[in-house]
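Reading the structure
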Amino acid sequence: QVQLVESGGGSVQPGGSLRLSCAASGNIFSINTMGWYRQAPGTERELVARISGGGATYYADSVKGRFTISRDNAKKTVALEMNTLKPEDTGVYYCNVGAINPGVVGMSFYWGLGTQVTVSS
């Protein structure tokens, strides 16, 4: 089965930095899109950043210039480097992966369980 495990969450003061990592494992033929979403209490889950199989990146306007997404195809991991964090960045961050699996037509998407990020004074 396919599993995604996030790590790196925690509590920091405004202006601080955190690095989130997500490792994929299981019966995966190839990984295409990898991304990070976040959800604050009482809000809908939103896309923060994503990186395509070809390396093209997307960032939400609210994090552009502060966050950097990267991937290691050999290790099947995706990371999110978060700098100059703000209180509004607080939320649960979820890893999302689109993958091609043996015996399955098309792409399947998977979610991690999430990791908490808290930014406060």
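Before reading further, recall that the structure is shown in the block above.
Residues numbered from 1 in each chain as written. Predicted model: local features only at pLDDT ≥ 70, side-chain atom pairs only at ≥ 80, totals over all residues. Heavy atoms only, no water.

In terms of nonpolar packing, the biggest core is built from 28 residues, with W36, F67, I69, V78, L80, M82 and Y93 touching the most fellow members. Every element with two or more residues in this core is listed here: β3 (18-25), β4 (30-39), β5 (46-51), β7 (67-72), β8 (77-82), β9 (91-100) and β11 (115-119). Excluding anything up to four places from it in sequence, Y93 contacts E6, L20, W36, Y37, R38, V48, F67, L80, M82, G114, T115 and V117. (Core = buried A, V, L, I, M, F, W, Y, C linked by side-chain atoms within 4.5 Å. Buried < 20%, exposed > 50% of the residue type's maximum accessible area, 1.4 Å probe, protein only. Helix = DSSP H or I, 4+ residues; strand = E, 2+ residues; numbered from the N terminus. Contact = heavy atoms within 4.5 Å.)

On to the pattern of salt bridges, then. Inspection of every chain in the model, using the stated rule, returns five salt bridges. E46 is the salt-bridge partner of R38, the closest N and O atoms lying 2.9 Å from each other. Ionic pairing is found between K64 and D61, a salt bridge with its closest N-O pair at 3.3 Å. Considered together, K64 and D61 belong to a single accessibility category, that of exposed residues. (Salt bridge = Lys/Arg side-chain N within 4 Å of Asp/Glu carboxyl O.)

The subject of this paragraph is the state of the cysteines. One pass over the structure, following the stated rule, counts one disulfide. The disulfide bridge from C22 ends at C95, spanning 2.1 Å between sulfur atoms. Between C22 and C95 the sulfur-sulfur dihedral comes to about -85°; the bridge is accordingly left-handed. Placement of C22 in strand β3 and of C95 in strand β9 is noted, with a sequence separation of 73 residues between them. For the pair C22 and C95, one class covers both residues: buried. (Disulfide = S-S within 2.5 Å.)

Here we take up the side chain of R66. By secondary structure assignment, the location of R66 is in the loop between β6 (57-59) and β7. Within the structure, R66 has its side chain in polar contact with the backbone oxygen of T84 (distance 3.0 Å). Ignoring sequence-local partners within four residues, the contact set of R66 consists of E81, M82, N83, T84, L85, K86 and D89. (Polar contact = N/O pair within 3.5 Å; in protein donor to acceptor, adjacent residues only side chain to side chain.)

Here we take up the packing of aromatic side chains. Scanning the model with the defined rule gives two aromatic pairs in all. Between Y37 and W111, the aromatic rings sit 4.9 Å apart at their centres with planes inclined by 65°, giving edge-to-face as the arrangement. With Y37 in strand β4 and W111 in strand β10 (residues 108-111), this pair connects stretches of sequence that are 74 residues apart. Overall, the relative accessible area of 41% leaves W111 in the partly exposed class. Measuring from centroid to centroid gives 6.5 Å for Y94 and W111, while their planes differ by 85°, and the two rings are edge-to-face. With Y94 in strand β9 and W111 in strand β10, this pair connects stretches of sequence that are 17 residues apart. Lying across the ring of Y94, R45 places its NZ or CZ 3.7 Å from the centre. Sitting over the face of the ring of Y58, R50 holds its NZ or CZ atom 4.9 Å from the ring centroid. (Phe/Tyr/Trp six-rings, centres within 6.5 Å; stacked < 30°, edge-to-face > 60°. Lys NZ or Arg CZ within 6 Å of the ring centre and 35° of its normal.)

Moving on, we get to the sheet that holds β3. The four strands lie next to each other as β1-β3-β8-β7, forming an open sheet whose pairing is antiparallel. Only two strands of the sheet have a single neighbouring strand rather than two, namely β1 (3-7) and β7. In this sheet, adjacent strand axes meet at a mean angle of 15° when their direction is disregarded. (Pairing = 2+ DSSP bridges. Axes fitted to C-alpha atoms, helices over the stretch in contact; angles between N-to-C directions.)

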